[in-house]
Amino acid sequence: MSHHVVEARGLGYVYPDGTPALADVSFRITHGEAVAVVGANGAGKSTLLLQLAGCLLPSSGEVRIGEVPVTAQTVARIRRSAGLVFQDPDDQLFMPTVAEDVAFGPLNAGLPPEEVERRVAGALERVGMSRIKDRPPYKLSAGEKRAAALATVLAMEPDVLVMDEPSSHLDPRGRRRLIEWLVSFAHTRIMATHDLELALEVCSRVIVMEGGAVVADGPIRDVLNDEKGMLAHGLERPHSLRHAHPH
Amino acid sequence: MHMADALVSPAVGGAMWVASAGLIAGCAGQVKRSARENVVPLMGVLGAFVFTAQMINFSIPGTGSSGHLGGGLILAVLLGPPAAFLVIASVLTVQALFFADGGLLALGCNIFNLGVYPAFIAYPFLYRPLAGDRRHSARVWAAAVMAAVAGLQLGAFSVVLETRASGISDLPFGTFVWLMQPIHLAIGLVEGLATAAVVTFVARARPESLYQSPAGSAVPGGGKPVLAGLLVAAALMGGILSWFASTHPDGLEWSIARTSGRAPVAEAKPWPAVSAETSGTGLKGGVLTLLLAGAIGLVLRWRR
Amino acid sequence: MNAGHWLEVDRLEELARLEAPAQRVDARVKAVVTLVFVVCVMSYSRYQVSALMPFFLYPIAMLARGRIPAGYLFRKILMAAPFALAVAVFNPFFDRAPMAALGPVTISGGWLSFASVMLRFLLTVGAALILVACTGMHRLCAGLESLGMPRVFAVQLLFLHRYLFVVAEEGGRMTRSLEMRGARLRALPGRVYGSLLGHLLMRALARADRVYRAMVARGFDGEIRLLRPTSLRGSDWGFLLGWTAFFVAARIWNLADLLGGLLSGGVS
């Protein structure tokens, strides 16, 4: 299933106003992997995610999703295979009702009405939100919003799930439920997060960023356990690793 | 300065509806063709911004009073005329529907008065040439104040004309003008200052978000003959229909009949009920009808 | 406007989601009936009072069939009253000719037209609020679009309505933090005001960028696809024809006067 592969080769990006955001980023993420992208604020995590989801095009180097390079010509196809879940669900839920919001992507893809309906029902079912389908997004709790935002992306049936701070604004129970979903998905999962405990539970691999570059990339427990390295990159060693056995 | 339904005759309200609807259709077409890609969410969010900005007041130096942003001019500066007009129209529509500001019949008047002047007159003909591209200087302040004042003066005068043409208010023309124009001079000053304060801030912090007129044309409103034509047509139609309405209002006929000494009760009745108010039956019937309507309501509620 | 208003917007939407007969009527039909209603009410001459009374049947029936609390609606209408009141209140001063007599009390034309203006205000503004309260923004926009409103404008209304809450909440948080630090919100100094609104605007612009990205990420191609309204049912046609016929009849014959005459005739 090569279309689940996500690869960056010498990826660089400079914002239109001249701010450099990414410099020479390279990695290869294979099918079904769950990868955390961590780093201090301003390290370039969000920009990297926008690149991986086809929202921005590289200034230099390239991004390949399923062995297809992201270019102006392929970007529409890329966006269908890589689903991006935004940090603030309010940015993602803009339609009048949850069901319509979940239908937004499938309708844009030009799917027939029955298929759209099936996808909407399936995605809402998957996150246990079928009961809120006719509610307007602004009437939802933070956890429900997060679930609805996830459903809008699942309805696109993407191969790769890209998530920006999936656990922000969630209470402990909402966070726990999110972790259960993330573990259960078979997609390739890439998430930028400050929640290192969540990363430890969900991901097997971590990419550490600083100043727009990758400074560490490896098995999550090894990288996060390196106290000196973590502090040097503006992070800290997760609490659970201090008291648990290293492996 | 929202017009209210209760002061607008159907002829005036209808004419302004047609004019505003035509402009909305024209602008919608323009926005659809425009190259600015994120315009859909941008317009929605900026509409919400104007709504919110209207709740925040600032003090006017040396007067002890306060004012707030109206929004038309700042939207034109950020979005350009067609998109700005659509946003103003949407804000007024939501105000009419959710806040009972104005009402449905007067909506056409309100969209015209508060949308057309800032977006299609004050911004392209005053603000752009005066402010130029030097967005930090005192010119921005002067341009914003002049454009806002001009836009609001025109709008206020339209309110007077429309009310007059509708013939529902008895306020004499001169008195009404003297009431409306000075008030809106003050409001315009405030609007201009508030607009300039925000524009200069954005020009420093995020200059790329200010609207660039297409191809940097120096001619204000250049390259938009369709819209200009539509605007003239709308204004003409509004004017002619308003004039027609003002020469034939029921109220005017009535007062002529009264001054000519004919007793209204004995008059042949073009609208039956004009005379009904003068007899007891009208009032009695009115109260009775209301009671009946209330009773029907109770029955409907009960057999839900 | 204060923060209380926002909850009220919410309340109208909440009412629109009730499962009641008035809510089930097709949005297009309700929009057209409301328009006919407003035009009929506004087409009366300025001294009309009694002939307006039958028109109260429509809002009263809709309140009842839509389970909309009358007191709540009335308060909303009152909040909007000042402008109509401000202009109409001059009528009694400029038009002092006696027009009607109620026993010993004569009523001038000015007072009559004042009463007429206020009644019409109550009816037309009430009808607009009722339309929203038993339809909701979402169905109303979809309905109006299928009646010919440009899609760009329908989408603009929906986006405005959606982000009203989000941006107003941001503005509320910012002003609250100012208030906590002792600022007088009724009148901020110019520099503070410019910076506050400037920041709010920057947030709004950044929000628009993020929303746009979220749309693009799900295949947005410049066209928003709204769900199509379903076709009209028999009851919708009944609603449309029934009310239109009633409004036209009430406009042609003064039903209140006829009723009053009937009663007087019966008594005497």
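Residues numbered from 1 in each chain as written. Chains lettered and ligands numbered in written order. Predicted model: local features only at pLDDT ≥ 70, side-chain atom pairs only at ≥ 80, totals over all residues. Heavy atoms only, no water.

Draft legend 1. Region of interest: the overall build of chain B. Looking only at helices and strands, chain B features ten helices and two strands. When the helices and strands of chain B are listed from N to C terminus, the series reads α-α-β-β-α-α-α-α-α-α-α-α. For chain B, the computed accessible surface area is about 12200 Å², with 71% contributed by carbon and sulfur atoms. (Helix = DSSP H or I, 4+ residues; strand = E, 2+ residues; numbered from the N terminus. Areas by Shrake-Rupley, 256 points an atom, 1.4 Å probe, with all protein chains shown as cover.)

Draft legend 2. Quick look at the interface of chain C and chain A. Contacts between chain C and chain A engage 28 residues on the former and 29 residues on the latter. When the two sides are added together, the surface that chain C and chain A hide from each other amounts to roughly 2700 Å², 58% of it contributed by carbon and sulfur. When residues of chain C are sorted by the area they lose upon contact with chain A, Arg162, Arg213 and Arg218 of chain C head the list and together hold 32% of the total. On the surface where chain C and chain A come into contact, there are five salt bridges. Between Asp90 of chain A and Arg162 of chain C there is a salt bridge; the shortest N-O distance is 2.7 Å. Taken together, the links from chain C to chain A amount to ten residue pairs in polar contact (both at pLDDT 80 or more). Residues belonging to the side of chain C that touches chain A are distributed by class as follows: 13 nonpolar, three polar and twelve charged. (Contact = heavy atoms within 4.5 Å. Buried area = accessible area lost by both parts, 1.4 Å probe. Salt bridge = Lys/Arg side-chain N within 4 Å of Asp/Glu carboxyl O. Polar contact = N/O pair within 3.5 Å; in protein donor to acceptor, adjacent residues only side chain to side chain. Nonpolar A, V, L, I, M, F, W, Y, C, P; charged D, E, K, R; others polar.)

Draft legend 3. Region of the structure containing the side chain of Gln156 of chain C. Within the secondary structure, Gln156 of chain C is located in helix α10 (residues 151-180). Those residues in contact with Gln156 of chain C that sit more than four places away from it in its chain are Val40, Met43, Gly44, Leu86, Val87 and Ser90 of chain B.

Draft legend 4. Main features of helix α1 (residues 45-52) of chain A. Residues and elements named next belong to chain A. Counted residue by residue, α1 has seven buried out of eight residues, so it is predominantly covered. Buried within α1 we find Lys45, Thr47, Leu48, Leu49, Leu50, Gln51 and Leu52. Phi turns positive, to about 80°, at Gly54, one or two residues after α1. (Buried < 20%, exposed > 50% of the residue type's maximum accessible area, 1.4 Å probe, protein only.)

Draft legend 5. Representation of helix α12 (residues 234-252) of chain C within the structure. Residues and elements named next belong to chain C. Under the 1.5 Å per step criterion, the end-to-end length of α12 is 27 Å for 19 residues, consistent within 8% with the ideal 27 Å. Among the residues of α12, those classed as buried are Asp236, Phe239, Leu240, Trp243, Phe247, Ala250 and Arg251. The arc that holds the buried residues of α12, viewed along the axis, is 120°, so those residues lie on one side. Those residues of α12 that are exposed and angled more than 90 degrees off the buried face are Gly234 and Leu241. (Expected span 1.5 Å × (residues − 1). Arc of directions from axis to C-beta.)

Draft legend 6. The arrangement of unusual backbone geometry in detail. A positive phi angle is found at Glu67 of chain A, which is not glycine, with a value near 70°. Relative to the assigned elements, Glu67 of chain A resides in the loop between β4 (60-65) and β5 (68-69). Look at Glu67 of chain A and you get partly exposed, because its relative accessible area is 30%. Located in the positive-phi region is Arg67 of chain C, a residue other than glycine, with phi close to 50°. Its relative accessible area of 32% is what places Arg67 of chain C among the partly exposed residues.

Draft legend 7. Inspection of a nonpolar patch on the surface at higher detail. A cluster of nonpolar side chains, contributed by Val248, Ile252, Trp253 and Leu258 of chain C, occupies part of the molecular surface with about 410 Å² of accessible area. Mapped onto the elements, Trp253 of chain C comes out in the loop between α12 and α13 (255-267). (Patch = residues over 30% accessible without salt bridge, like charges linked within 9 Å, V, L, I, M, F, W, Y side chains within 5 Å.)

Draft legend 8. Representation of the environment of Met3 of chain B. Mapped onto the secondary structure, Met3 of chain B falls in the segment before α1 (10-33). Separated by 189 residues in the primary sequence, Met3 of chain B and Gly192 of chain B place their C-alpha atoms 22 Å from one another.

Draft legend 9. Inspection of the pairing of strand β10 (residues 213-219) of chain A at higher detail. All names here are of chain A. Sheet analysis places strand β9 (residues 205-210) next to β10, joined by six bridges and oriented antiparallel. Across the sheet, Arg205 pairs through a bridge with Pro219, a residue of β10. Turn length for the β9-β10 hairpin, with the two strands adjacent in sequence and antiparallel, is two residues, and the turn residue Gly211 shows positive phi of about 55°. (Pairing = 2+ DSSP bridges.)

Draft legend 10. View of the sheet that holds β10 of chain A. Residues and elements named next belong to chain A. With mixed pairing, six strands are arranged side by side in an open sheet as β6-β7-β8-β3-β9-β10. Looking along the sheet, the strands with just one partner apiece sit at the ends: β6 (82-85) and β10. Going across the sheet, the axis of each strand differs from the next one's by a mean of 15°, ignoring polarity. Here strand β3 (residues 34-38) runs beside strand β8 (residues 188-192); their pairing, made up of four bridges, is parallel. Each bridged residue has a counterpart across the sheet, and for Val35 the counterpart in β8 is Ile190. (Axes fitted to C-alpha atoms, helices over the stretch in contact; angles between N-to-C directions.)

Draft legend 11. The arrangement of the state of the cysteines in detail. All names here are of chain C. What the rule picks out here adds up to zero disulfides over all chains. Of all cysteine sulfurs, the one in Cys134 lies closest to Cys40, which takes part in no disulfide; the gap is 18 Å. Given a relative accessible area of 10%, Cys40 falls into the buried group. (Disulfide = S-S within 2.5 Å.)

Draft legend 12. A look at the pattern of salt bridges. Residue and element names in this part refer to chain A. A complete count under the given rule lists 29 salt bridges over all chains for this structure. Between Arg119 and Glu157 there is a salt bridge; the shortest N-O distance is 3.5 Å. Separated by 38 residues along the polypeptide, Arg119 in helix α5 (residues 113-126) and Glu157 in the loop between α6 (142-154) and β7 (160-164) bring together distant segments of the chain. Residue Arg119 is classed as buried on the basis of its relative accessible area, which comes to 14%. The exposure class assigned to Glu157 is partly exposed, which follows from its relative accessible area of 43%.

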